[in-house]
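# What the coordinates show
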Amino acid sequence: MDYVKEYRRFVNSYNFAYALRVTIGVTLPAVIFSYFNLYHIGLIASLGAMTVSNADVPGPVHRRFNGMIATMILNFCIALLMGFISTKPVLVAVCIAILCFSLTIIGVYGSRVNTVGFAGLIIMVLTLDAQRSGIQVLYNALYILAGSVWYMLLSLALFRMRPYRVIQQPLGDYIFSIGDYLRTRSYFYDRDVDYDRTYKNVMLQQQGIHANQEMLREMIFKSRSIIRQSTTTSRTLLIIFIDTIDLFEKATGTVYNYQSMHKRFDDSGILKKFQSYISEMADELHEIGLAVASGRPSSVSRNLNSSLQVLIQEFEKFINEHRAPENIEPLVNMRKVMQSVEDMSMRIHTLHHFTRYDKKRIKDYKLADNYDDFVEPTKFNWRLLKENLSLKSGTFRHALRVSIATTVGYLVALWLNLGHSYWVLLTILVILKPSYSLTKQRNYNRLLGTIIGASAGVALLFLINNQYWLLVVMIILMLLCYSFIRTKYFAGVIFMTAYLIIFFFMLDPRHFVNVLENRIIDTVIGSVVAFFATYLLAPSWERDQMKSFITEALEKSRIYFTTVANSFISGKMDEISYRLSRKEAFVAQANLSGGFTRMLNEPKSKQHKASQLHQFTVLINVLNSHIVTLADFIQKYGAKYASGDLTPITIDISQELDEAKNMIARREFESKEKTSANELRDGIKELVEKRRSEMQQGLKNTETRTAINEYKPILDQFLYISRIAGDIKKLAEEL
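All of the points below concern the structure found in this document. Given the structure is predicted, the values throughout are model-derived calculations rather than measurements.

Along its length, the protein chain carries 29 helices and 0 strands. Since a compact globule built from 735 residues should have a radius of gyration of about 27 Å, the 29 Å found for the protein chain is in line with a globular shape. Its C-alpha atoms put the protein chain at 100 × 60 × 50 Å along the principal axes. For the protein chain, the residues scored as buried account for 55% of the 735 residues in total. Restricting the contact set of the protein chain to residue pairs at least 6 apart, pairs at least 24 apart contribute 82%. Total accessible area on the protein chain is roughly 33500 Å²; 57% of this is exposed by carbon and sulfur atoms.

This paragraph deals with a nonpolar patch on the surface. A cluster of nonpolar side chains, L447, I520, V524, V528, F531, F532, Y535 and L536, forms an exposed patch at the surface whose accessible area comes to about 660 Å². Of the residues forming the nonpolar patch, the biggest block, 7 residues, is contributed by helix 23 (residues 512-536). Relative to the assigned elements, V528 resides in helix 23. Note on V528: relative accessible area 40%, which makes it partly exposed.

What follows concerns the environment of F84. Here F84 shows up in helix 4 (residues 61-85). Considered as a pair, F84 and S133 are 49 residues apart in the sequence and their alpha carbons are 6.6 Å apart. Aside from chain neighbours lying at most four places away, what touches F84 is G134 and V137.

Summed over the entire model, instances satisfying the criterion amount to 20 aromatic pairs. Seen from their ring centres, Y189 and F274 are 6.1 Å apart, and the 35 degrees between their planes marks the pair as tilted. Within this pair, whereas Y189 is found in the loop between helix 8 (165-186) and helix 9 (195-221), its partner F274 is found in helix 13 (residues 270-294), the two being separated by 85 residues in sequence. Of the two residues, Y189 and F274, both sit in the buried class. Measuring from ring centre to ring centre gives 6.2 Å for F274 and F315, while their planes differ by 70 degrees; the resulting arrangement is edge-to-face. Separated by 41 residues along the polypeptide, F274 in helix 13 and F315 in helix 14 (residues 302-322) bring together distant segments of the chain. The exposure classification of F274 matches that of F315, with both residues buried. Ring-pair connections join several aromatic residues into one group, and the members of that group are Y189, F265, F274, F315 and F318. Sitting above the plane of the Y489 ring, R442 keeps its charged end 3.8 Å from the centroid. It is R486 that lies over the ring of Y18; its NZ or CZ is 4.0 Å from the centre.

All chains considered together, the criterion is met by 0 disulfides. Cysteine C100 shares no disulfide, and the gap to the nearest cysteine sulfur, in C95, comes to 10 Å. Accessibility expressed as a relative area gives 0% for C100, which makes it buried.

Take the side chain of S298 next. Looking at the element boundaries, S298 is found in the loop between helix 13 and helix 14. Polar side-chain contacts of S298 include one of 2.8 Å to the side chain of H352. A distance of 2.9 Å separates a polar atom in the side chain of S298 from a polar atom in the side chain of T355. With sequence-adjacent residues up to four places away left out, S298 is seen in contact with E287, I288, A291, H352, T355 and R356.

What follows is about unusual backbone geometry. Even without being glycine, N37 reaches a positive phi, approximately 60 degrees. With respect to the element layout, N37 can be found in the loop between helix 2 (14-35) and helix 3 (39-54).

Side chains of residues three or four places apart in an α-helix project in the same direction, reflecting 3.6 residues per turn. In this model helix 3 runs 23 Å from its N-terminal to its C-terminal C-alpha over 16 residues, within 8% of the 22 Å that 1.5 Å per residue would give. Along helix 3, the residues classified as buried are I41, G42, I44, A45, S46, L47, G48, A49, T51, V52 and S53. The elements touched by buried residues of helix 3 are helix 2, helix 4, helix 6 (111-126) and helix 7 (135-161).

Across its 23 residues, helix 18 (residues 394-416) extends 33 Å between first and last C-alpha, which sits within 8% of the 33 Å expected from 1.5 Å per residue. At the N-terminal boundary of helix 18, the capping side chain belongs to S393, with an oxygen 3.3 Å from the backbone nitrogen of T395.

For the rest of this paragraph, the subject is the environment of V300. Inspection of the secondary structure puts V300 in the loop between helix 13 and helix 14. Judged by its relative accessible area of 19%, V300 falls in the buried class. Residues V300 and W382, spaced 82 residues apart in sequence, show a C-alpha to C-alpha distance of 53 Å. Sequence-distant contacts of V300, defined by excluding residues within four places in its chain, comprise E284, N305, H349 and H352.

As a rule of thumb, soluble globular proteins bury nonpolar side chains together. In terms of nonpolar packing, the biggest core is built from 136 residues, with Y174 and F274 touching the most fellow members. Dropping the residues within four chain positions of it, F274 is found in contact with Y189, L311, F315, M334, V337, M338 and V341. By size, the runner-up hydrophobic cluster in this structure holds 50 residues, among which are M546, L554, I649 and I653.

Basis of the calculations
Residues numbered from 1 in each chain as written. Predicted model: local features only at pLDDT ≥ 70, side-chain atom pairs only at ≥ 80, totals over all residues. Heavy atoms only, no water. Helix = DSSP H or I, 4+ residues; strand = E, 2+ residues; numbered from the N terminus. Rg over C-alpha atoms; globule rule 2.2 N^0.38 Å. Buried < 20%, exposed > 50% of the residue type's maximum accessible area, 1.4 Å probe, protein only. Contact = heavy atoms within 4.5 Å. Areas by Shrake-Rupley, 256 points an atom, 1.4 Å probe, with all protein chains shown as cover. Patch = residues over 30% accessible without salt bridge, like charges linked within 9 Å, V, L, I, M, F, W, Y side chains within 5 Å. Salt bridge = Lys/Arg side-chain N within 4 Å of Asp/Glu carboxyl O. Phe/Tyr/Trp six-rings, centres within 6.5 Å; stacked < 30°, edge-to-face > 60°. Lys NZ or Arg CZ within 6 Å of the ring centre and 35° of its normal. Disulfide = S-S within 2.5 Å. Polar contact = N/O pair within 3.5 Å; in protein donor to acceptor, adjacent residues only side chain to side chain. Expected span 1.5 Å × (residues − 1). Core = buried A, V, L, I, M, F, W, Y, C linked by side-chain atoms within 4.5 Å.

The analysis is restricted to geometry; functional conclusions fall outside its scope.
Take a look at the structure:
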């Protein structure tokens with residue numbers, strides 16, 4: 001591991017910038033008010049800042065602003081409500097049940113609204129033990145409101161100072177993750193590759209990259225400063241994002257028969273050279289990602305240019321040594337690998353140039369007039385909420401679980417007379433997730449992270465006796481907590497527990513041991529309640545969702561394929577339709593992969609037909625990769641080889657995918673005999689035999705050779721896709 005690179009990646013990441021913003025926003029009110037001996041007011045104001053920071057999620061600035069305003073109003077109202085009823089346990093229990101259900105069910109309106117609701121629940125929980133009356137309740141709510149306003153102003157001020165930073169940092173993280181993906185793909189060229197492990201890692205990384213793509217689409221395509229302004233920086237960031245999507249598409253499209261390649265060419269050493277060069281490209285993407293995140297220009301490594309020239313020379317030498325009639329098809333595949341590597345190398349060079357924000361370079365880049373079709377619109381209507389008021393809705397079941405579990409947790413805390421009952425509820429809220437697998441993972445991470453974090457916090461207290469240095473360590477732990485809490489929850493919990501241990505010790509050293517015991521006991525109780533709630537209260541199992549994921553993936557892949565195939569038939573491509581169909585196909589693929597991964601973390605009894613579902617997930621992945629590869633040929637040879645001869649196989653493949661979808665959905669359909677693939681296969685065989693005959697005669701540069709190198713790979717992709725569609729249909733019969 002390159003620790004210097006990882007450090008640069010960390011300090012330039014969006015998560016670190018968010019953590020720095022939250023740490024300043026939360027600690028400063030407490031520090032300032034403590035200076036004036038108003039420590040209590042400072043803590044309440046810091047609480048308001050912390051909850052509003054939850055709603056400060058990535059996105060267009062106007063949406064972030066709206067989310068924080070909604071959170072401020074909601075928190076103020078809840079603080080007033082809980083303050084007036086805090087001495088009446090029955091009313092508190094009723095309010096917990098109602099608020100938990102209502103503020104969770106609004107998650108149907110999207111993740112941003114969900115964070116607003118969750119912030120309201122945090123305020124509800126953290127004001128449970130506050131015994132106030134009369135005007136003090138109003139003051140408490142106003143202090144929370146003041147802290148909320150402070151954080152919002154801080155966040156918006158930092159945005160105004162560096163308005164593009166909020167895009168640059170997540171975009172840099174995204175490019176860096178593509179570099180990680182490319183390095184993982186390079187392992188396929190290793191002689192001792194573990195195929196199952198590598199394919200699993202590739203699919204997991206694809207899920208993460210597609211999630212980042214969706215987040216960036218939301219941030220970029222809905223940001224007025226990016227789409228409507230024509231500044232050099234805004235246009236460059238948009239261009240970089242679009243080009244990285246194309247680069248990632250190119251990387252996912254390089255699907256080959258690696259076993260066959262290793263069997264034939266391992267001894268030649270060419271595969272190891274490809275692996276080495278792909279790793280160099282991954283390093284270049286890391287540098288580009290770091291440059292974009294930091295806002296500085298990057299430069300192409302001299303080694304990349306020289307390494308590419310060496311690879312080209314070695315490849316041509318390899319081709320000459322292995323040119324023989326029996327190696328025609330393997331060598332054609334190897335040339336596709338070389339072409340793919342050259343194409344990605346060129347794209348990496350282009351991205352390097354874009355990081356310089358050169359006005360002359362970007363002015364001629366053609367951009368679409370409208371990108372609204374690439375992002376999901378946010379619609380607030382009662383109909384959507386009404387449709388989800390049913391046990392068929394996963395969001396409804398989750399809201400029901402949260403409501404019942406938190407109410408039970410509160411009653412248990414009252415029964416056991418726990419000193420800090422809000423910790424029980426806080427644990428339940430943080431752990432409970434819509435699916436069993438996510439809740440199970442959170443539960444494990446929360447429990448183990450709390451134990452490790454508490455041990456680390458106590459160890460730090462023994463090692464550090466100076467109050468000043470304890471404060472410094474606490475702030476560092478807080479910074480690390482907010483850096484990891486959204487991406488690496490386990491690490492985030494460890495740092496959070498450690499800094500809370502130090503905080504409570506500094507607040508009240510005399511009762512510190514009692515606080516520590518309560519923290520661990522309350523966490524255990526909350527974890528137990530959350531576990532049983534997930535397993536017993538209207539549980540949501542991934543197996544119930546898998547068929548809808550599969551049918552959606554099949555439909556979107558079918559549309560994606562027909563868009564690409566029709567472009568070959570007509571000889572031209574509608575760029576917007578292509579990009580939109582590609583985006584929807586890969587989003588559906590990521591949803592399917594994510595659903596299957598979550599299902600594997602559920603009890604064995606709930607993993608219905610796991611083997612077939614795994615095959616389906618892999619086949620959809622491979623299908624889309626071959627469609628990507630097919631699409632790549634359009635720009636090069638689309639106009640040259642445009643022909644209606646590909647219409648029959650296009651129709652057959654589309655019908656097979658449609659029939660598979662109908663099988664999964666248990667719909668009636670009429671199956672038709674398909675012979676177009678056999679006819680296409682016969683034509684390819686005739687072309688290959690003709691070329692073999694030419695080679696035996698010593699003929700080199702012929703039209704047949706050109707067709708073998710250009711047209712045959714196109715036909716091969718149609719046949720590959722046809723075979724995969726057939727395999728999908730057979731598998732659908734088993735489901």
